[in-house]
Amino acid sequence: MSLRIAPFLPELLRSLFKKPVTVRYPFEKTPVPAGFRGNVVFDPAKCIGCNICVGDCPAEAIEIIRVSETEKKFKMILHNDRCIHCAQCVDSCPTKTYRMDGEFEIAVLNRRQLKIEYK
Ligand code: SF4
Ligand code: SF4
């Protein structure tokens, strides 16, 4: 038996003092690459209510609702259970109201939790 282990011993001993090559996810979160398309984030202060994003979203995941009759203020409802993270809304919005964050842990047990309201 010792004869069979012998060829592996040097590598085994070296490995004892090396850092692991695997990542420790989920105990340590690994950084996402630049340009990663996580969740859509909406900035209500920039929205002018043109609805271009609503028409361009291929997943019908966006609702824009006027919140005040007197002021030009809008809220956005994102149906994140439909969103395919294509970033078309980011490209289409003329006022740069959208950005994508780096979040990827978005699984939930109830899809109603994926309806997100920004106001
Ligand atoms: S990322 Fe794509 S699918 Fe998601 S809300 Fe924006 S346009 Fe719609
Ligand atoms: S495209 Fe931009 S400005 Fe127009 S409604 Fe959508 S978020 Fe608002």
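Structure first, text after, so check above.
Only a predicted model underlies this, so the values are computations on that prediction, with no experimental measurement involved.

Evaluation of the coordinates by the stated rule reveals 9 salt bridges. Ionic pairing is found between E103 and K29, a salt bridge with its closest N-O pair at 3.3 Å. In this pair, E103 sits in the loop between strand 4 (98–100) and strand 5 (115–118) while K29 sits in the loop between helix 2 (9–16) and strand 1 (40–42), placing the two residues 74 residues apart along the sequence. Salt-bridge contacts for K73 lead to E71; the nearest nitrogen and oxygen are separated by 3.6 Å.

It is worth spelling out the side chain of K75 at this point. Relative to the assigned elements, K75 resides in strand 3 (residues 74–79). Accessibility expressed as a relative area gives 18% for K75, which makes it buried. A polar atom in the side chain of K75 sits 3.1 Å from the side chain of E117.

A separate point is the site of ligand 1. Around ligand 1, 13 residues are found, and the nearest of them are C57, C83, C86, A87 and C89. Classifying every residue of the shell around ligand 1 gives 11 nonpolar, 2 polar and no charged.

Our next topic: the packing of aromatic side chains. Evaluated as defined, the whole model comprises 4 aromatic pairs. Residues F42 and Y98 carry aromatic rings whose centres are separated by 5.6 Å and whose planes lie at 50° to one another, so their mutual orientation is tilted. Of this pair, F42 sits in strand 1 while Y98 is found in strand 4, placing the two residues 56 residues apart along the sequence. According to the relative accessible area criterion, F42 is buried, its value standing at 5%. Under the relative-accessibility criterion, Y98 is labelled buried at 6%.

How each quantity is defined
The residue numbers shown here count from 1 along each chain, following its written sequence. Chains carry letters and ligands carry numbers; both start at the beginning, A for chains and 1 for ligands, and go up in the order they are written. Only residues with pLDDT of 70 or above have their local features reported here, since the model is predicted, and side-chain atom pairs are shown and tallied only from 80 upward, although totals for entire chains, interfaces and linings are computed over all residues. Based on all heavy atoms of the structure, the side-chain values leave hydrogens and waters out of the count. Salt bridges are defined by distance alone: a side-chain nitrogen of Lys or Arg within 4 Å of a carboxyl oxygen of Asp or Glu. Think of it this way: any DSSP run of H or I at least four residues long counts as a helix, any run of E at least two long counts as a strand, and we number them from the N terminus. Think of it in three bands: with a 1.4 Å probe and only protein chains considered, a residue is buried below 20% of the maximum accessible area for its type, exposed above 50%, and partly exposed in between. Each polar contact in these results corresponds to two N or O atoms within 3.5 Å; when the atoms are within protein, one needs to be able to donate a hydrogen and the other to accept it, and residues that are neighboring in sequence are counted only if both atoms are side-chain atoms. Note on definitions. A residue lies near a molecule or strand when any single heavy atom of the residue is within 4 Å of it. Nonpolar residues are Ala, Val, Leu, Ile, Met, Phe, Trp, Tyr, Cys and Pro. Charged residues are Asp, Glu, Lys and Arg, and all others, Gly as well, are polar. Two aromatic rings from Phe, Tyr or Trp, using only the six-membered ring of Trp, form a pair when their centres are within 6.5 Å; if the ring planes differ by under 30 degrees the pair is stacked, by over 60 it is edge-to-face, and anything between is tilted.

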